[in-house]
Every structure is written in structure tokens, then in C-alpha cells.
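Here is what each chain is made of, one letter per residue.
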Amino acid sequence: MSDRVYIFDTTLRDGEQSPGCSMNFTEKIRMARQLERLQIDVIEAGFPIASEGDFESVKEIAKQIRSCTIAGLCRANKGDIDRAWEALKHAAKPRIHTFIATSDIHLKYKLKKSRDEVLESAVNAVRLAKSYCDDVEFSCEDASRSDVDYLCQIVEAVIAEGATVVNIPDTVGYAIPDDYGRIIRSLIERVPNINKAIISAHCHDDLGMAVANSLAAVMNGARQIECTVNGVGERAGNASLEEIAMAIRTRSEALKVHTNINTEEIYKSSKMLVSLTGMHIQRNKAIVGENAFAHEAGIHQDGMLKNSITYEIMTPQSVGIKHSTLVLGKHSGRHALKQRYSELGYNLTTEELEKAYSVFTKIADEKKQIFDDDLVAILQDEMASIDETYKLETFQVTSGLNLIPTATVGLKKGNEIFQDSATGDGPVDAAYRAIERITGISVELLDYSIKSVAWGRDAIGEVFVKIAIDGYVFNGRSASTDVITGSVKAYLNAINHAVSARYRKEQDSPVRQESQAV
Ligand code: KIV
Ligand code: ZN
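## Some points on the site of ligand 1
Now for step 1: As a matter of local geometry, ligand 1 sits amid Arg13, Asp14, His97, Phe99, Ser139, Glu141, Asn167, Pro169, Thr171, His202 and His204.
Now for step 2: The separation between an oxygen atom of ligand 1 and a polar side-chain atom of Asp14 is 3.0 Å.
Now for step 3: Notes on ligand 1: free accessible area 260 Å², of which the protein chains cover 93%.
Now for step 4: Looking at the shell around ligand 1, its residues break down into two nonpolar, six polar and three charged.

## Section: the domain arrangement of the protein
Now for step 1: Domain annotation of the protein identifies domain 1 (3–285), domain 2 (294–321), domain 3 (324–383) and domain 4 (391–501).
Now for step 2: Centre-to-centre, using C-alpha coordinates, domain 1 lies 37 Å away from domain 3.
Now for step 3: Taken together, the six residues of domain 1 in the interface contact six residues of domain 3.
Now for step 4: Counting the surface lost from both domain 1 and domain 3, the interface buries some 510 Å², and carbon and sulfur atoms represent 43% of this.
Now for step 5: Interface area lost by domain 1 to domain 3 is led by Arg30, Lys268 and Lys271, which between them contribute 75%.
Now for step 6: Inspection of the region where domain 1 meets domain 3 yields zero salt bridges.
Now for step 7: On inspection of domain 1 and its partner domain 3, the count reaches zero residue pairs in polar contact (both at pLDDT 80 or more).
Now for step 8: In terms of residue count, helix H12 (residues 266–277) provides more of the side of domain 1 that touches domain 3 than any other element does, five residues in total.

## Section: helix H2 (residues 25–37)
Now for step 1: Between its first and last C-alpha atoms H2 spans 19 Å; for 13 residues at 1.5 Å apiece the expected length is 18 Å, and the two agree.
Now for step 2: Near the N-terminus of H2, the side chain that reaches the backbone nitrogen of Thr26, with its oxygen 3.2 Å away, is that of Asn24.
Now for step 3: Just past H2, the residue Gln39 takes up positive phi, approximately 65°.

## So, the sheet that holds strand S13 (residues 391–398)
Pairing between the strands of a sheet comes from backbone hydrogen bonds, and it takes one of two forms, parallel or antiparallel.
Now for step 1: Taken in spatial order, the three strands line up as S13-S14-S15 in an open sheet, and their pairing is antiparallel. In this open sheet, the two edge strands, each paired with only one partner strand, are S13 and strand S15 (416–423). Going across the sheet, the axis of each strand differs from the next one's by a mean of 15°, ignoring polarity.
Now for step 2: Relative to S15, helix H17 (residues 427–439) is tilted by about 135°, and along the sheet it contacts S13, strand S14 (406–413) and S15.

## Here we look at the pattern of salt bridges
Now for step 1: In the structure shown here, the tally under the stated rule is 31 salt bridges.
Now for step 2: Here Asp3 ties to Arg223 by a salt bridge, and the two come within 2.9 Å at their closest N and O atoms. On the criterion of sequence distance, the pair formed by Asp3 in strand S1 (residues 3–4) and Arg223 in the loop between helix H9 (210–219) and strand S9 (224–227) is long-range, its members being 220 residues apart.
Now for step 3: Under the relative-accessibility criterion, Asp3 is labelled partly exposed at 40%.
Now for step 4: When the shortest N-O distance is used, the salt bridge between Glu44 and Arg13 registers 2.9 Å. Of this pair, Glu44 sits in strand S3 (residues 42–46) while Arg13 sits in helix H1 (residues 11–15); the two residues are 31 residues apart in sequence, bridging distant segments of the chain. The exposure classification of Glu44 matches that of Arg13, with both residues buried.

Parameters at a glance
- Residues numbered from 1 in each chain as written.
- Chains lettered and ligands numbered in written order.
- Predicted model: local features only at pLDDT ≥ 70, side-chain atom pairs only at ≥ 80, totals over all residues.
- Heavy atoms only, no water.
- Near = heavy atom within 4 Å.
- Polar contact = N/O pair within 3.5 Å; in protein donor to acceptor, adjacent residues only side chain to side chain.
- Areas by Shrake-Rupley, 256 points an atom, 1.4 Å probe, with all protein chains shown as cover.
- Nonpolar A, V, L, I, M, F, W, Y, C, P; charged D, E, K, R; others polar.
- Domains from an automatic or database assignment.
- Contact = heavy atoms within 4.5 Å.
- Buried area = accessible area lost by both parts, 1.4 Å probe.
- Salt bridge = Lys/Arg side-chain N within 4 Å of Asp/Glu carboxyl O.
- Helix = DSSP H or I, 4+ residues; strand = E, 2+ residues; numbered from the N terminus.
- Expected span 1.5 Å × (residues − 1).
- Pairing = 2+ DSSP bridges.
- Axes fitted to C-alpha atoms, helices over the stretch in contact; angles between N-to-C directions.
- Buried < 20%, exposed > 50% of the residue type's maximum accessible area, 1.4 Å probe, protein only.

Structural data, given as C-alpha cells:
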């Protein structure tokens with residue numbers, strides 16, 4: 001039997017802290033549940049000292065997700081470690097993940113500490129973490145640019161203190177596979193107590209080598225890989241989970257290891273992250289991009305028809321892409337809808353089915369053919385629905401050549417309907433200004449994107465917006481066959497997020513900060 005490589009997912013920490021990828025409390029819980037279905041070994045749920053919001057979501061994930069180890073990040077100091085433990089202590093399998101930089105560059109310019117001082121902080125941090133929790137991971141930040149002798153010394157010391165996992169990050173994505181593999185090999189050969197801990201790889205993608213470096217680490221003895229869904233993360237991102245999992249599955253004979261990942265949940269996880277954050281992936285992204293299993297060239301299509309192994313090294317089904325193009329239309333009933341959702345991996349409750357069916361029938365009136373991606377978009381919309389303080393009742397826009405774009409919007413709040421009009425640079429801008437006049441909330445639009453979900457002129461458009469209100473960032477999303485309706489609903493969705501966050505802040509303490517300060 002080959003060795004198991006443990007998969008440590010940091011989508012909710014390293015991923016979530018990157019620009020454009022923030023998620024609110026509810027979204028983080030949904031993503032964590034999906035990571036559990038993916039059978040991730042360790043979920044890094046956040047950095048509890050970083051904000052009240054991070055603390056609350058780590059705590060809630062620790063309470064709800066019982067089959068995965070839940071890790072929380074903390075610097076190598078008492079305040080951070082105590083706070084991390086406060087959030088993690090509810091977990092069935094908690095892990096404290098503490099770190100300090102070990103490269104001379106970081107010691108000199110960032111920490112202004114000597115090597116001995118850093119060694120002492122590392123040992124003290126692991127000792128304190130160990131007093132709370134059996135499972136302690138220690139990371140040597142910027143390890144790939146650290147002196148290998150010093151790295152060996154610090155790794156030996158933290159293992160002696162009880163660290164169960166030692167992580168060797170390529171923090172700045174500087175390594176190339178040969179070098180990185182050699183660092184891992186040196187630790188195995190030179191650290192006397194290395195067999196008491198698992199070596200972990202954590203690679204960033206600045207030179208596009210995060211996955212290659214992680215696999216080089218595995219080939220040299222690492223048995224944990226840290227990665228993120230869609231490769232999101234600081235700067236160019238982290239190693240992509242789906243690429244790691246499928247490389248190990250597809251090339252297990254060469255790598256001689258396996259993982260416990262349920263690869264059939266990969267596609268759904270990727271889609272969910274895109275839909276929660278609005279961070280799209282490129283069409284030709286390995287494993288989960290739209291083109292990843294599309295064969296265009298005539299010779300390839302001919303080969304595929306004769307036998308798919310001619311041009312396909314893994315099947316779309318193995319990552320959870322179900323092969324079906326046209327599915328349902330306006331004559332399809334609830335039963336067919338339920339059945340199709342179940343084939344797509346969503347087992348809906350009666351209430352969820354009712355909601356999805358009511359949206360489905362409206363869309364089926366506007367659009368002849370409903371594709372799988374449309375169905376997923378409908379569902380994401382329904383599941384993301386939050387307390388709607390403002391409901392869109394009516395709107396009308398006029399725009400055209402040599403006309404001033406104008407919008408009139410009617411919003412329902414409680415039992416009252418408020419209506420106002422505004423002009424703008426375009427119909428969407430005019431509608432957004434009318435909404436601002438009604439709500440009295442001053443909004444800064446940070447990002448707006450629109451993407452067609454499936455094919456055809458009547459395709460559903462999925463709209464993502466990112467807004468800032470009082471220095472806090474909120475995401476909004478909507479899907480509609482009418483792009484202006486979708487744009488208005490996505491904007492309202494973000495405003496409703498902001499309103500319910502403010503309401504909760506006033507209501508309870510500690511505050512659940514919905515999102516990051518700008
Ligand atoms: O990239 C890095 O070094 C990190 C550590 C905190 C693990 O994310
Ligand atoms: Zn990192």
C-alpha cells in the first residue's frame with residue numbers, strides 16, 4: 001500500500017485573506033461544509049487574532065465540522081496562541097498552527113531578531129500550544145530562503161517540544177522543484193527526530209511552480225500538502241488543491257502516494273468558491289476550467305469518439321463533471337428537477353426544491369433550454385439568500401444613443417414601498433444611484449463583473465459586485481437572463497448583506513464582523 005499524503009486546505013485562511021476573495025461568516029461555513037464533503041484532512045479555518053469575524057468563523061467551523069481536523073493560524077506569541085485556542089477548543093480534532101519567519105531576510109528587516117531569539121520564540125510557542133492541544137503544527141515562514149543548517153536546527157527543536165507537523169513554506173514562491181525537493185530531503189537526512197513529525201509543503205505560485213514544488217516535496221518525503229481550491233491565495237495564489245489531488249490520483253504509479261480526497265466533489269467545490277467570492281478562473285485552468293475536458297480539434301474529436309483514452313488522461317466524471325448538455329425545459333416538473341439536482345450532487349429538502357422550482361419556472365419561460373450550469377446558478381442564488389431588508393419590487397430603465405440613462409426603482413422595506421429615480425453613466429449606474437437615494441446608504445462600488453453561465457443568446461448572466469460601506473467590504477451576487485435585472489439584484493444583495501451585518505453588530509456582542517475592513 002502506498003503512503004497517504006494529507007491534504008491541508010487553507011482556502012479559508014491564506015485564500016480568504018487575498019484581495020477579491022473575502023467571504024462573510026455564512027459563506028465561510030458553507031465553504032467549510034463543502035470541504036468536509038471533499039474529505040479534506042485539515043481545514044485551516046482562519047487566523048483568529050486577525051479580526052472578530054475570523055475568530056467567530058473559526059469557532060463556528062470548529063463546532064460544526066466534526067470529521068476534519070480544524071486548524072487556526074497564530075504567530076509565535078502568547079496572545080495569538082491563546083486566542084486561537086479559544087476558537088479551536090470546540091473542535092473534535094483541533095490543531096494549533098503557529099509560525100515565525102526563519103530566513104535572514106525576515107529576521108533582519110521584519111522581526112529585527114537574532115537567530116537565537118527566533119529559535120527561542122519558536123520553542124516557547126510550541127510549548128504553549130502543546131499545553132492546550134496535542135496536535136501542533138509549526139511553520140518556518142520563508143523557509144525556502146532560509147539557511148538550511150538553521151532550518152534543521154529549528155525543526156529539530158520544535159519537534160523535541162512536541163510539534164506534530166513541521167511546515168516548510170515557500171512563502172514568496174521563489175523555489176524551483178529541484179531546490180525545494182532538496183530542502184525536504186536535507187531535513188529527512190539531517191534532523192535526528194524527524195520521524196516524530198510529518199513534513200508539510202506550503203507553496204505559493206509566484207513563478208507558476210506551486211504544484212510542481214509541492215509534488216517535488218512529496219517525492220522527497222513530505223506527507224502533507226497545503227493548498228487551496230482554485231489555487232486562490234496571497235499574490236499569485238497557493239498550490240491548487242484540484243491539481244494536486246488529480247496529479248496524485250492520475251500519476252499514483254510515479255508518485256507512489258495517495259490521498260483521501262473525494263475527487264468527485266472537486267468541480268462543485270470550485271464552482272462554489274467562484275460563486276461565493278466572484279473570483280473567476282480562466283477557461284483553460286487545469287481540472288476545473290471550462291475547457292479542461294473540451295476537445296475542439298477534429299483529430300482529437302475523432303480519437304475521442306474511437307476511445308476516450310486517446311486524448312483524455314482522466315474522466316470529467318472523476319472530478320464531478322456530469323456529462324449532459326441539454327437537460328430541462330418549461331414542461332419539466334418538480335420531480336425531474338429534483339432528480340437532476342440529485343444527479344448533480346445536490347439533495348434538496350422540500351423547501352429548497354420549492355424555492356428552486358419557482359425560480360426555475362420563471363427562467364424556463366424566458367429560456368428554452370436549461371443547462372446544468374443554469375441549475376447550479378439558480379441554487380447558489382437561493383442558498384445565498386439572506387434576510388432581505390430591501391426587496392426589488394419594480395424597476396424601469398431607459399438608455400440608448402444620445403439619451404441620458406435614467407432608472408426608476410421601487411424597493412419594498414417591511415410593508416412599505418419606496419420609489420425614486422436617478423440618471424447615471426449607463427442604465428446600471430442609474431439604477432444603482434436610484435437605490436442609493438432610496439436606502440440613504442452611501443456605497444462605493446469596488447468591483448462589478450458579469451459572466452454568462454451556460455450557452456446561447458438567452459444564457460443566464462451571473463453578476464458579482466463588491467461594494468464598500470463605511471470601510472467594510474460586502475459581496476453581492478445574482479443570476480438572471482436579464483443582465484440589468486441581475487446587476488440590480490446583485491447590488492441589492494450586497495446592500496442587504498451590509499444591512500444585516502450592521503443589524504447583527506448592534507444586536508450582539510461579540511460582533512460577527514461580516515467582512516474585512518478596507
Ligand atoms: O506562506 C506562508 O509562509 C504562510 C505561513 C503563515 C504558513 O502562509
Ligand atoms: Zn502562505
